[in-house]
Amino acid sequence: MVKENARKGFKKKVIMIDFNRPHFTGNELRYIQDAVEDKKHISGNGTYTKRCQRFFEERYGFRKCLLTTSCTDALEMAAMLCDIQPGDEVIVPSYTFVSSALAFVRAGAKIVFADSMRRNPNIDAETIESLITPKTKVIVPVHYAGVACDMDKIVGIARCHNLIVVEDAAQSIDSCYKDRSLGTIGHLSAFSFHETKNIISGEGGMLGINDERFIRRAEIIWEKGTNRAEFFRGEVNKYGWCDVGSSFLPSEVVAAFLWAQLEELENIQNKRKQLWDRYYELLEPIAEKGHFTLPDIPDYATNNAHMFYLVCNSLEGRTTLIKYLRENEVQAVFHYLSLHSSPYYQDKHDGRPLPNCDRFADCLVRLPMYYDLEEKDVERICGLIKELCHYVC
Ligand SMILES: Cc1ncc(COP(=O)(O)O)c(C=O)c1O
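Residues numbered from 1 in each chain as written. Predicted model: local features only at pLDDT ≥ 70, side-chain atom pairs only at ≥ 80, totals over all residues. Heavy atoms only, no water.

Visitor: I would appreciate a short explanation of the pairing of strand β11 (residues 308-312) in the present structure.
Guide: On any regular strand, side chains alternate: one points to one face of the sheet, the next to the other face. Across the 5 residues that make up β11, a large majority, 5, are buried. Residues of β11 alternate between two faces, with Phe308, Leu310 and Cys312 on one and Tyr309 and Val311 on the opposite face, all of them buried. Judged from the 2 bridges that link them, strand β10 (residues 292-293) and β11 form a sheet pairing that is antiparallel. By the bridge assignment, Thr293 is partnered in β11 with Val311. Where β11 lies against strand β12 (residues 364-367), 4 bridges are found, and the strand directions are antiparallel. Looking at the pairing, Phe308 lines up with Leu367 of β12. (Buried < 20%, exposed > 50% of the residue type's maximum accessible area, 1.4 Å probe, protein only. Helix = DSSP H or I, 4+ residues; strand = E, 2+ residues; numbered from the N terminus. Pairing = 2+ DSSP bridges.)

This is the structure we're talking about:
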């Protein structure tokens, strides 16, 4: 090996920059140990679960939060709470993760896919009204990259047509629409703590409830269709089967892990924003030459630095960029494939073209973004992008 390197001439070993690396704050095992040593309660809805839920309720103003084992589970709970019946229609952007639609499909809904805006991947609120029929029950805005959808417009349409708004806030922790935290605006919302998110618990999620009328039923659905939560609070002297539901709550092991992350929220957010700003600063001059476009953050939205993405001018351009970065030990990845043309849904879709969604599916590329990424890594990545853009011109 050494000989071979000598023959080729000295080549400095470059370390691979992963797309994502989970960040551990250092207190996860301590809190898990604490939860275990409690010796009384390691299943769900214990001390750490309540502590995490209270943190969200007090910091962001949710009426009620319930931890779940994933964002997908939180969306499934939302579909149950919306009382979706076979044939009900749910408006979902096509440029999103499968779960935003799947949770409602499982309950029998027909998904009516909406296009993205031209300027960013969020649902084009201007098109929603034309998708509403007497069967429409729910609108699911997905705040892509933690950047808010146009919520005044969406909530206004929902009010006008008596629809429920379920925010898919999987990526939206600590981000706002105007002065309101994402996830607190719709009737219900779903967050993810999957290891790719800003705050993680391996797998994990949370249902946010902002409309009082859903709270009691949400707790019952959360606890396998029983009123066990009321029993534990001493409000009833026995608990039993009251409704549909499932086992949506995580154990205290997961909640203890999550608490170690939430304690470090500000530090994590500050570091991610620094990295995001550095990317923007270094890539802006290249974007100005027309090689790609940078993330768009409307005036009404804040940036929680969940993701840094570029939109290339073509699929070929994106493929070349991803390949070039891979050859140089940088893992960059594309994101969603259009759900309206997925193998599962294409024959159920009504055939409307959704060109903005398809453009993001073809042209969007996500660059490495995680707490332990260093500024020098961002500089190396941006240097490679600059080099490639220089070649292709
Ligand atoms: C927009 C969106 N919704 C839902 C999910 C599902 O989250 P989870 O993996 O926690 O179920 C994801 C996952 O990344 C997502 O990006």
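After presenting the structure, the write-up continues.
Visitor: What exactly am I supposed to notice about helix α7 (residues 215-222) here?
Guide: Every α-helical turn comprises 3.6 residues, leaving residues that sit three or four positions apart pointing alike. With 6 of 8 residues buried, α7 lies mostly within the body of the structure. Buried within α7 we find Ile215, Ala218, Glu219, Ile220, Ile221 and Trp222. Next to the buried residues of α7 lie α3 (47-60), β1 (64-68), α4 (71-81), β9 (205-209) and α8 (228-232). (Contact = heavy atoms within 4.5 Å.)

Visitor: Sorry if this is basic, but what is going on with unusual backbone geometry here?
Guide: Working note: non-glycine residues mostly have negative phi, and peptide bonds are mostly trans. Phi is positive for Asn45, which is not a glycine, with a value near 60°. Along the chain, Asn45 turns up in the loop between α2 (28-37) and α3.

Visitor: Help me understand the packing of aromatic side chains in this model?
Guide: The geometry of an aromatic ring pair is captured by two quantities: the separation of the ring centres and the angle between the planes. Tallying each qualifying case throughout the model produces 23 aromatic pairs. Taken together, a centroid distance of 6.0 Å and an interplanar angle of 50° make the contact between Tyr95 and Phe360 tilted. Residue Tyr95 is located in the loop between β2 (89-93) and α5 (98-106), and its partner Phe360 is located in helix α12 (residues 355-363); the two are separated by 265 residues in the primary sequence. Residue Tyr95 is classed as buried on the basis of its relative accessible area, which comes to 1%. (Phe/Tyr/Trp six-rings, centres within 6.5 Å; stacked < 30°, edge-to-face > 60°.)

Visitor: Quick question: what am I supposed to make of the sheet that holds β10 here?
Guide: Strand pairs in the sheet, formed through backbone hydrogen bonds, run parallel or antiparallel to each other. Ordered by their spatial adjacency, 3 strands build an open sheet running β10-β11-β12, and the pairing between neighbours is antiparallel. The sheet is open, and its two borders are formed by β10 and β12, each paired with just one other strand. Where helix α10 (residues 265-288) meets the sheet, it contacts β10, β11 and β12, and its direction lies at approximately 20° from that of β11. (Axes fitted to C-alpha atoms, helices over the stretch in contact; angles between N-to-C directions.)

Visitor: Got a minute to help me understand the pattern of salt bridges in this structure?
Guide: When their charged atoms lie close together, side chains carrying opposite charge are able to pair. Evaluation of the coordinates by the stated rule reveals 24 salt bridges. Of the charged contacts, one joins Glu266 and Arg59 as a salt bridge, the two residues approaching to 3.3 Å between their closest N and O atoms. Note that Glu266 is positioned in helix α10 and Arg59 in helix α3, a separation of 207 residues in sequence. By relative accessible area, Glu266 is classed as partly exposed at 48%. On the basis of relative accessible area, Arg59 is assigned to the partly exposed category, the value being 36%. Close ionic contact of Asp152 with Lys178 constitutes a salt bridge, the shortest N to O distance being 2.5 Å. With Asp152 in helix α6 (residues 151-161) and Lys178 in the loop between β6 (176-177) and β7 (180-181), this pair connects stretches of sequence that are 26 residues apart. Among the residues examined, Asp152 registers a relative accessible area of 46% and is labelled partly exposed. It is possible to trace a salt-bridge network through shared partners that takes in Lys64, Glu219, Arg233 and Glu235. (Salt bridge = Lys/Arg side-chain N within 4 Å of Asp/Glu carboxyl O.)

Don't take any of this as a statement about function, it's just geometry.
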